[in-house]
Each structure stands twice: as structure tokens, then as C-alpha cells.
Amino acid sequence: MKDLIANLNKIFESRVRLGIMSVLTVNEKYDFNSLKETLDLTDGNLASHLKALEKEGMIAVEKQFIDRKPNTSYWATEKGRTAFSDHISALENLIRDS
Amino acid sequence: MKNEPNTHEDIKAIRKLMEESTRFLSLSGLSGVIAGVTALAGALLAWLFIDQTWSLAGIAAMVLVISLSFAYFLSLKKARRDKKHFWTPVSRKMLLNLFIPLATGGVLTIIFLIQGNLQLVMPVFLIFYGLALVNASKFTLGEIFFLGLLEIVIGLFVTIFPNLWLIGWTVGFGVLHIIYGLVMYRKYGK
């Protein structure tokens, strides 16, 4: 039991963060508004989870202006990709062995 | 193991998000059928005006515009019905990948028409349309890939037998789209 959940990462425990990482690991980059629409979240909710993931170094952020409007895009870091894929494997193991 | 049902749901949600954020799945099957029927009607008209090059070009352009409009509106409707977003990073990527070969083929076709290389018009447009579909298939329903391959094969066939261009039009734009549309309609709904 202990081995099984050893790779489960605390940071990915929320459904929203799983969602963010799912989108970011299969896409090169994703902007804030598209992420919000895809995951069907409010600005504040999404922003707080993004900040948490960024703080842990799982994702990286780039802010720029397109047509004078702020545009923030996000991508998964190498660390984030590895951690997320370990987390998924751990989840799958958990299902298989139960 | 009280987490178990949640874990199942989590994994399901993850898979769905990964798929939906990389593929545009709201492509309407019905619009394929409509495109096919429009192309068949166009082929019939073309047969009546077979000696007038520019009328033929006009008919072909009309078929293209009608088909694309239906594809757009029906896909938009399908996305709304499935409560999905239509204008997303992946749908933009799909359109970009579709229109680069398609526009190239369109421009080439016009150049050939102006230069009077009439027998190259149909094969080149079929081939570039096929390449456009193959290119776009990475970002939408995988079946488009095979439709694209078939269009390329028909295009090459018509290159070898230029006299059969109207058959290439009928099969490539008419029959194939109807079959494809019906298959998609049954598999994924309207």
C-alpha cells in the first residue's frame, strides 16, 4: 500500500490541477482564456491553481501583449511533465491493484 | 481504498481533456453528406457546360463555398449541442493546417486555368485537397486521414487519365464525401 501511493504527488491532488496538467502536457503552450474555457473555470479559481503549480516549478508562464491586450500563456516544465507522468502511473497502479 | 471511484473518474477526466485539447471533435458528419450531394449536383451542371472553362471554374467555386459554409455552420451547431467550444487553440491549428495546402492548391488551379493548362486543374486540386485533409487529420477525427489518402489516389489517377476528370470530380468530391459523411454520422452523430 505504501509503495503504491509513494509516487502520488500531493500537488496534483485537486481535480483542477490534474486538468491543467493534462492540457499542458499534451500541448506545447496554452493561453489563460483557452485554459479557462477548456476547463470551465472562473478566473480566480484557475489563477490560484496556476500560481500554486508555478510556485512548485511544474509549469512556466510567459506574459506578453497581443494587440495591446495582455496574453498569458503557460506550458509544462520538464519537472512538471515527469512529476505528472509519475502521478498518472501511480493512479493507474492504484486502480489495477485494487 | 475509499479513493478508488474518484481515481477512476480522475483518469477518465484526464484522458478526455488530453483528447479534447489536442483534437477538434465537433466536425459534422452531416456536412460531409451535404458537401457530397452539392458536388454531385455540381458535376451534373459541369457536364452540361463541359466546353466552357470559366463556367466550370465558377461551378466548382460555388460547390466549394456551399460545402465549406455548411461544414462551418453544422460543426458550430454540433459543438454547441455537445456543450463544447468551437473556437479553441486546436480548432485554429486544424484550420491553419487545412488551409495552407488547400489555398496553395486553389492558387495553382487558378494559375493553370489562366495559362490554359486545363488538364492539370482537376488532378492538382484533388491532390492538394487530399494533402490538406491528411495535414488537418492530426488535429481532428482520425478518419479524415484516409479520406485524404483516397483523394490523392483519385488525383493521381486523373493525372494519368485526364479525360476522366469529370469522373474524378464525381467520385472524389461527391461519392467519397457522402460515404465519409454517413460513416461519421453513424459513428459520432450529426
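This text gives an overview of the structure that appears in the document. (Residues numbered from 1 in each chain as written. Chains lettered and ligands numbered in written order. Predicted model: local features only at pLDDT ≥ 70, side-chain atom pairs only at ≥ 80, totals over all residues.)

**Here we look at the overall build of chain B**
What chain B contains, in helices and strands, is seven helices and zero strands. When the elements of chain B are put in sequence order from the N terminus, they spell out α-α-α-α-α-α-α. Taking the principal axes of its C-alpha atoms as reference, chain B extends roughly 75 × 25 × 25 Å. Residue burial in chain B is summarised as follows: out of 190 residues, 40% are buried. Considering only contacts in chain B between residues 6 or more positions apart, those separated by 24 or more positions represent 71%. (Helix = DSSP H or I, 4+ residues; strand = E, 2+ residues; numbered from the N terminus. Buried ≥ 20, exposed ≤ 12 C-beta atoms within 10 Å, placed from the backbone. Contact = placed C-beta atoms within 7 Å.)

**Section: the overall build of chain A**
Secondary structure assignment for chain A yields five helices and three strands. Counting helices and strands in the order they occur from the N terminus, chain A gives α-α-β-α-α-β-β-α. Looking at chain A residue by residue over its 98 residues, the buried ones come to 30%. If you take every contact in chain A between residues at least 6 apart in sequence, the share linking residues at least 24 apart comes to 57%.

**Looking at the sheet that holds strand β1 (residues 30-31) of chain A**
Residues and elements named next belong to chain A. What the three strands build is an open sheet, ordered β1-β3-β2; its pairing is antiparallel. The open sheet terminates on both sides in strands that have one partner only, identified here as β1 and β2 (59-66). One ladder, built from eight bridges, connects β2 with strand β3 (residues 69-76); its direction is antiparallel. Across the sheet, Lys 63 pairs through a bridge with Thr 72, a residue of β3. (Pairing = 2+ DSSP bridges.)

**Considering the interface of chain A and chain B**
Opposite the 17 residues of chain A that make contact, chain B presents 15 residues. For the side of chain A that touches chain B, the secondary-structure elements that each account for two or more residues are α2 (15-26), α3 (32-39) and α5 (78-96) of chain A. The element best represented in the side of chain A that touches chain B is α2(A), accounting for six residues. Here the side of chain A that touches chain B is composed, by residue class, of eight nonpolar, six polar and three charged. (Nonpolar A, V, L, I, M, F, W, Y, C, P; charged D, E, K, R; others polar.)

**So, the nonpolar core**
Membership of the largest hydrophobic core comes to 39 residues, with the highest contact counts inside it found for Met122(B), Phe125(B), Leu126(B), Phe128(B), Tyr129(B), Ala132(B) and Trp169(B). Those residues in contact with Tyr129(B) that lie beyond four places of it in its chain are Leu102(B), Gly105(B) and Glu151(B). Core analysis: the second largest hydrophobic core is formed by 22 residues, Leu18(A), Val23(A), Leu53(A) and Tyr74(A) among them. (Core = buried A, V, L, I, M, F, W, Y, C linked by C-beta atoms within 7 Å.)

**Topic: the environment of Val153(B)**
All names here are of chain B. When you line up the elements, Val 153 lands in helix α6 (residues 144-160). Judged by local crowding, Val 153 falls into the partly exposed class, with 14 C-beta atoms found within 10 Å. Taking the C-alpha atoms as reference, Val 153 lies 28 Å from Val 90; in sequence the two are 63 residues apart.

**Observations concerning the environment of Val171(B)**
Residue and element names in this part refer to chain B. Considering the arrangement of structural elements, one finds Val 171 in helix α7 (residues 165-188). Considered as a pair, Val 171 and Arg 15 are 156 residues apart in the sequence and their alpha carbons are 37 Å apart. Ignoring sequence-local partners within four residues, the contact set of Val 171 consists of Ile 154 and Leu 176.

**Some remarks on the packing of α6(B) against α7(B)**
All names here are of chain B. Close contact between α6 and α7 brings their axes to 9 Å; oriented N to C, the two are set at 170°. The angle between α6 and α7 places the two elements in the roughly antiparallel class. Note on element contacts: α7 touches α6 through Trp 165, Gly 168, Val 171, Gly 172, Leu 176 and Tyr 180, opposite Leu 147, Leu 150, Glu 151, Ile 154, Phe 157 and Val 158. The class makeup of the residues in the contact of α6 with α7 is nine nonpolar, two polar and one charged. (Axes fitted to C-alpha atoms, helices over the stretch in contact; angles between N-to-C directions. Parallel < 35°, antiparallel > 145°, perpendicular 65-115°, else oblique.)

**Quick word on the pairing of β3(A)**
Relative to β3(A), β1(A) runs antiparallel, the two sharing two bridges. Paired with Tyr30(A) across the strands is Tyr74(A), a residue of β3(A).

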